[in-house]
Amino acid sequence: MIDSLDKKIIRRLQEDISITATPYKEISDELNMTEDELIHKMKTYNETGILKRIGAILYHRKAGFNANAMVVWKIDKEKLDDTGKYMASFLEVSHCYERQPCGSWDYNLYTMIHQRDRESCNKIIENIASAIGTENYKVLYSIKELKKTSMKYFK
Amino acid sequence: MDTIDKKLLNLMQNEIPIDKRPFKILSEKLLITENEVLKRVNKLKSEGIIRRIGGIFNSRKIGYTSTLCAAKVPVNKINEVAACINEYCEVTHNYLREDEYNMWFTVITHSQESLNDIIKEIKEKTALSEIMSLPSIKLFKVKVALNFQGDDKND
């Protein structure tokens, strides 16, 4: 169960951590707990899967990754599991999800590919498509980021 | 951005250690000093390449529910509709994509009921006849890392 102290910690960790030698010490001071207590809590969250990781999130375009393709695939139900795992094995595929189809939109597998330009994206997509032997897919390039934030839980 | 920056970004996207001296651990992997890591990270943050350094949580494990929505928005209404959708703090990502379904956004909330309410409300406010909700069924991969070095074993 997530108690009120956990919520307090999670709320703080979804903000920025300082770029200093002892960032968690600063947070534990703010939260009136010891650094050891905080680190222990964080490790527990990590082990239970609540906290995926402490990490850096980048501005893709500023980092030079200008092409962002969401590829939606129509895959036979019985092949879906193997195909999903196979697609996930590509280094260039950052996200791979099975999603519920919706009416005539009957795509069921979604992959995200980030590359420096569309040409390299297209090459990767063609490789994947020919490897699984399908033409039932559509590439949706992003034209504009309208919003990107991190979720603020327990606000 | 030099090779060390790229290696650093690869490491930091994947994991910043939960340890009293997280940047010291990263510095040892890169064979540079902790101070140099801090200097580089601060620079990458102020240049806007790093958006945020902090906790990345698993929304499901925290007890939240989410979906990916897609809407067909007429070109002359894009700004207006985006402003309406982006106003919700439960909408964390929103992208304009090249497709008939051109607006793609994620909704994360604490319950299925509130998720349905938000989508219903957005439909009413924007007067869009159709918004698809495409919840994920199975996750095959989430690896947000932009790969700066294809052959980096640490990636």
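Check the entry above for the structure.
Residues numbered from 1 in each chain as written. Chains lettered and ligands numbered in written order. Predicted model: local features only at pLDDT ≥ 70, side-chain atom pairs only at ≥ 80, totals over all residues. Heavy atoms only, no water.

What to know about unusual backbone geometry
All names here are of chain B.
Phase 1: Positioned with a positive phi, Leu 31 is a non-glycine residue whose angle comes to about 60 degrees.
Phase 2: In this fold, Leu 31 is placed in the loop between helix 2 (22–30) and helix 3 (34–46).
Phase 3: Here Ala 127, not a glycine, exhibits a phi torsion of approximately 60 degrees, which is positive.
Phase 4: Position of Ala 127 relative to the elements: it lies in the loop between helix 5 (112–126) and strand 5 (131–133).
Phase 5: Looking at Ala 127, the relative accessible area reads 62%, which means it is exposed. (Helix = DSSP H or I, 4+ residues; strand = E, 2+ residues; numbered from the N terminus. Buried < 20%, exposed > 50% of the residue type's maximum accessible area, 1.4 Å probe, protein only.)

Details of the environment of Asn94(B)
Phase 1: Take Asn94(B): it is sitting in strand 3 (residues 91–97).
Phase 2: Between the C-alpha atoms of Asn94(B) and Ile78(B), which are 16 residues apart in sequence, the distance is 12 Å.
Phase 3: Those residues within four positions of Asn94(B) in sequence are excluded, and the remaining contacts are Lys144(A), Glu145(A), Leu146(A), Lys147(A), Ala82(B), Ile85(B), Asn86(B), Met103(B), Trp104(B) and Phe105(B). (Contact = heavy atoms within 4.5 Å.)

Examining the pattern of salt bridges
All names here are of chain A.
Phase 1: The final tally for this structure, using the stated rule, is 21 salt bridges over all chains.
Phase 2: Among the ionic pairs, Lys 41 bridges to Asp 6, the shortest N-O distance being 3.6 Å. Taken together, the residues Lys 41 in helix 3 (residues 35–48) and Asp 6 in helix 1 (residues 4–13) connect sequence positions 35 residues apart.
Phase 3: Judged by its relative accessible area of 24%, Lys 41 is partly exposed.
Phase 4: Between Lys 85 and Asp 81 there is a salt bridge, with the nearest N and O atoms lying 3.4 Å from each other. Pair noted here: Lys 85 and Asp 81 are both in helix 4 (residues 80–88), with a separation of four residues, about one helical turn. (Salt bridge = Lys/Arg side-chain N within 4 Å of Asp/Glu carboxyl O.)

Here we look at the interface of chain A and chain B
Phase 1: Facing 79 residues of chain A, the contacting portion of chain B comprises 71 residues.
Phase 2: Regarding the contact of chain A and chain B, the summed buried area is about 7,600 Å², with carbon and sulfur atoms giving 60% of it.
Phase 3: For the interface between chain A and chain B, the tally reads six salt bridges.
Phase 4: Close ionic contact of Arg118(A) with Glu98(B) constitutes a salt bridge, the shortest N to O distance being 3.0 Å. (Buried area = accessible area lost by both parts, 1.4 Å probe.)

Some details on the side chain of Asp99(B)
Phase 1: Mapped onto the elements, Asp99(B) comes out in the loop between strand 3 and strand 4 (103–109).
Phase 2: In this structure the side chain of Asp99(B) is engaged in a polar contact, spanning 2.8 Å, whose partner is the side chain of Lys138(A).
Phase 3: A polar side-chain atom of Asp99(B) sits 3.0 Å from the main-chain amide nitrogen of Tyr101(B).
Phase 4: Contact partners of Asp99(B), with chain neighbours within four places excluded, come to Trp105(A), Lys138(A) and Leu140(A). (Polar contact = N/O pair within 3.5 Å; in protein donor to acceptor, adjacent residues only side chain to side chain.)

Points about the packing of aromatic side chains
Phase 1: Under the defined criterion, the tally for this structure stands at eight aromatic pairs over all chains.
Phase 2: Their ring planes at 75 degrees and their centres at 5.2 Å tell us that Trp105(A) and Tyr101(B) sit as a pair that is edge-to-face. Placement of the pair is Trp105(A) in the loop between strand 3 (93–99) and strand 4 (109–115) and Tyr101(B) in the loop between strand 3 and strand 4, with the two residues belonging to separate chains.
Phase 3: Judged by its relative accessible area of 5%, Trp105(A) is buried.
Phase 4: The class for Tyr101(B) is buried, based on a relative accessible area of 7%.
Phase 5: Ring plane angle 55 degrees and centroid distance 5.6 Å describe the contact between Trp105(A) and Trp104(B), whose orientation is recorded as tilted. (Phe/Tyr/Trp six-rings, centres within 6.5 Å; stacked < 30°, edge-to-face > 60°.)

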